[in-house]
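# Residue-level structure breakdown
Letter by letter, the chains look like this.
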Amino acid sequence: MIALLTLPLNQTWNLETFFPGGSDSPAFAAHLKKLQESIAAFQEQVHKTASPQRVEDTSALAQLIELLQHNVMHIHEADSFVGCLQADNQKDKKAPVLSGQVKSLYAEHLSSLTHFDQILTGVPDQVWAEVLKQEPFKSIAFSLDERRSLANEKLPPEQEALINDLAVDGYHGWSDLYNSTVGQFTMAVEVDGKQVDLSAGQAFNKLHTENREERLDLFERWEQAWTDKEEYCAEALNHLAGFRLQVYKARGWKSIHKEPLAINRMEEKTLNVMWDVIDRNKGIFVDYLNRKAKLLGVDKLAWVDVDAPLGDSSKKISYDEGASLIIDQFKRFSPKLAAFSEDAFEKRWIEAEDRPGKRPGGFCTSFPLAGETRIFMTYGGTLNNVSTLAHELGHGYHQHVMTDMPALAQEYAMNVAETASTFAEMIVADAVVKSASTDDERIVLLEDKIQRAIAFFMNIHARFIFETNFYAERSQGLVSVERLNELMVDAQKLAYKDALSSYHPHFWAAKLHFYATDVPFYNFPYTFGYMFSAGIYARAVQEGASFEDKYISLLRDTGSMNVEELAQKHLGVDLTEPDFWQSAVDMAAQDVKQFMELTEAKVRV
């Protein structure tokens, strides 16, 4: 039985347990020094190690892998810490410097891996197959085999190492420029009769006000604020993409989707089938958008209306109430998930305070050495904030159930990472809708749930279309601000089936996902995760409490197989065929049908 939360909860996270002193932490400085020495030791050992096929045993390779996994864990710990520092306080001038140091160490680590990969590729196939049957290789066989296969498609080690070194001040440098630009973002609004400058995260939360005139005015200011930053953003996006394209060209990679598909361990056919099924079923979601427009008293929704609340949204859900709601619903499906979440709240693993100086958005990051996670968001008391909190707790739980596994077996892809988070979100959203006491309350809650389907089927689709088209044009030269705006609006019109009266031209500037250098095409994995989790959720509803251990087994396998194998093993479905994807869309469509029935009388003339 899970104990009740000790209220009130603290809304600021505790980072002192890792490295006391924040960006001035002597312990963190010592961590970086030891990490540098460990990376150097790995590099030295790689160069000393002969190709495994030339030795009778594999002890040298085993020692290398042990040191490699040690470095992976320590790099992750350092990267998570500086990421938290930068998100927590964008005025902290020392945090970006530390981030640069971590990126440099990571580049050295990647450079050493190019030579390590050469050792793997030098092993004959028959010998390699036998090696993977032995421990310590057997438990991380998938990861090692994946490295070996990808290495065969890259440049010689010296060239790949050079790319990694140049990326620190080039590729990653442009991402840093964008983050600095966002850190300087302010938007002036009137709050309680006073002019206040809001950060990007605070300003974004304000866009969801119930008052349409205020909403349109705020959105106009939001667009203008990004217009003021557009040249910096365009510079960063163009050069970041240019670096990526030049690397692909040197490797002989023709498709811009090759790397993101490989990173997400999925086949191109799976991606294409998923988008095709979604696109063929968008009609009912356009009907929903049109119905919402009528409910709001307009002919067509503007971009800023899509996520606007229906009904009275003045009632706020306090942080404590949101936490209790989440844990209560998690308990119904997974007591272990609920227990983990309670720990996260009680032990101050969550940064949720609404204050200036924080970066926008939300994330969950793990500290593998400490065996803990940290969650970042800005909590404003909306139902959407509660969903975000549940979402990030799902991420944290995913990492939690893998803590005892080898480091390389814990490296799961973004698309399956979004599965656990979205599954957690679905538990809360579905339960809240079912518990509604009146039709009006049910409409508001159901609409909030449908908004997530719109986001994954339309908003994320627009991002995918934009990036695909942007990279096609960027391969021919720099893309102007004006053209970026055009590409963005064109993608939004296509993804939303031209169902809106206005769009968001500067979305490419406002969305930090386009500037991420660790995961290219930071978009389609969200939609995959949403739909994949729908299948998992349906199974959980059907099987009840007995599904919890099966769910944990699925999560623990996410770092050890591709998504097609994962789905076949744990769900018995073929992701390269449309059936599974259609069933996932049908689940979301059922919510729309219920919404349409409940609101029919409200729009009758």
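See the structure shown above.
Heads up: these notes are all about the structure in this document. (Residues numbered from 1 in each chain as written. Predicted model: local features only at pLDDT ≥ 70, side-chain atom pairs only at ≥ 80, totals over all residues. Heavy atoms only, no water.)

Two faces make up the sheet, and in a regular strand the side chains alternate between them. Counted residue by residue, strand β5 (residues 372-376) has four buried out of five residues, so it is predominantly covered. Judged from the two bridges that link them, strand β3 (residues 350-351) and β5 form a sheet pairing that is parallel. Bridge pairing links I350 to I375 in β5. Here strand β4 (residues 363-367) pairs with β5 via five bridges, running antiparallel. Looking at β5, one finds that T365 is bridged to R374. (Buried < 20%, exposed > 50% of the residue type's maximum accessible area, 1.4 Å probe, protein only. Helix = DSSP H or I, 4+ residues; strand = E, 2+ residues; numbered from the N terminus. Pairing = 2+ DSSP bridges.)

Attention now goes to the packing of aromatic side chains. Two measures describe an aromatic ring pair: the distance that separates the ring centres and the angle between the ring planes. Tallied over the entire structure, the rule returns 42 aromatic pairs. Note on F466 and F470: the rings are 5.9 Å apart at their centroids and 5 degrees apart in plane angle, and the pair reads as stacked. With a gap of four residues between them, F466 and F470 both fall in helix α17 (residues 439-474), about one helical turn apart. Accessibility assignment for this pair places F466 and F470 in one class, buried. A ring pair is formed by F470 and Y471, whose centres lie 5.3 Å apart and whose planes are at 70 degrees; its orientation type is edge-to-face. Given the relative accessible area of 2%, Y471 is considered buried. Geometry around W253 places R251 over its ring, the cationic atom sitting 4.7 Å from the centre. A cation over a ring is seen here: K258 above W253, with NZ or CZ 5.5 Å from the ring centre. (Phe/Tyr/Trp six-rings, centres within 6.5 Å; stacked < 30°, edge-to-face > 60°. Lys NZ or Arg CZ within 6 Å of the ring centre and 35° of its normal.)

Attention now goes to empty space enclosed by the protein. Unoccupied space between atoms shows up once a probe the size of one water molecule is rolled over them. Applying the stated criterion across every chain, the model contains three cavities of 30 Å³ or more. By volume, the largest cavity amounts to about 80 Å³. As for the largest cavity, its lining consists of 13 residues, of which G371, E372, Q399, H400 and T403 are closest to the centre. Tallying contributions element by element places helix α15 (residues 383-400) first for the lining of the largest cavity, with three residues. (1 Å grid on protein atoms, 1.4 Å probe; cavity = no way out; pocket = protein on both sides within 12 Å on 5 of 7 lines; lining within 4 Å. Points joined across faces, edges and corners; volume = space filled by probe spheres on them.)

A few words now on unusual backbone geometry. The peptide bond linking L7 to P8 adopts the cis configuration, its omega dihedral lying at 0 degrees. Position of P8 relative to the elements: it lies in the segment before α1 (26-48). With an omega dihedral of 10 degrees, the bond running from E135 to P136 counts as a cis peptide bond. Tracing the sequence through the fold places P136 in the loop between α4 (125-131) and α5 (141-151). We note that R265 has phi near 50 degrees; this positive angle belongs to a residue other than glycine. Within the secondary structure, R265 sits in the loop between α10 (258-263) and α11 (268-280).

Treat this as a map of the structure, not an account of what it does.
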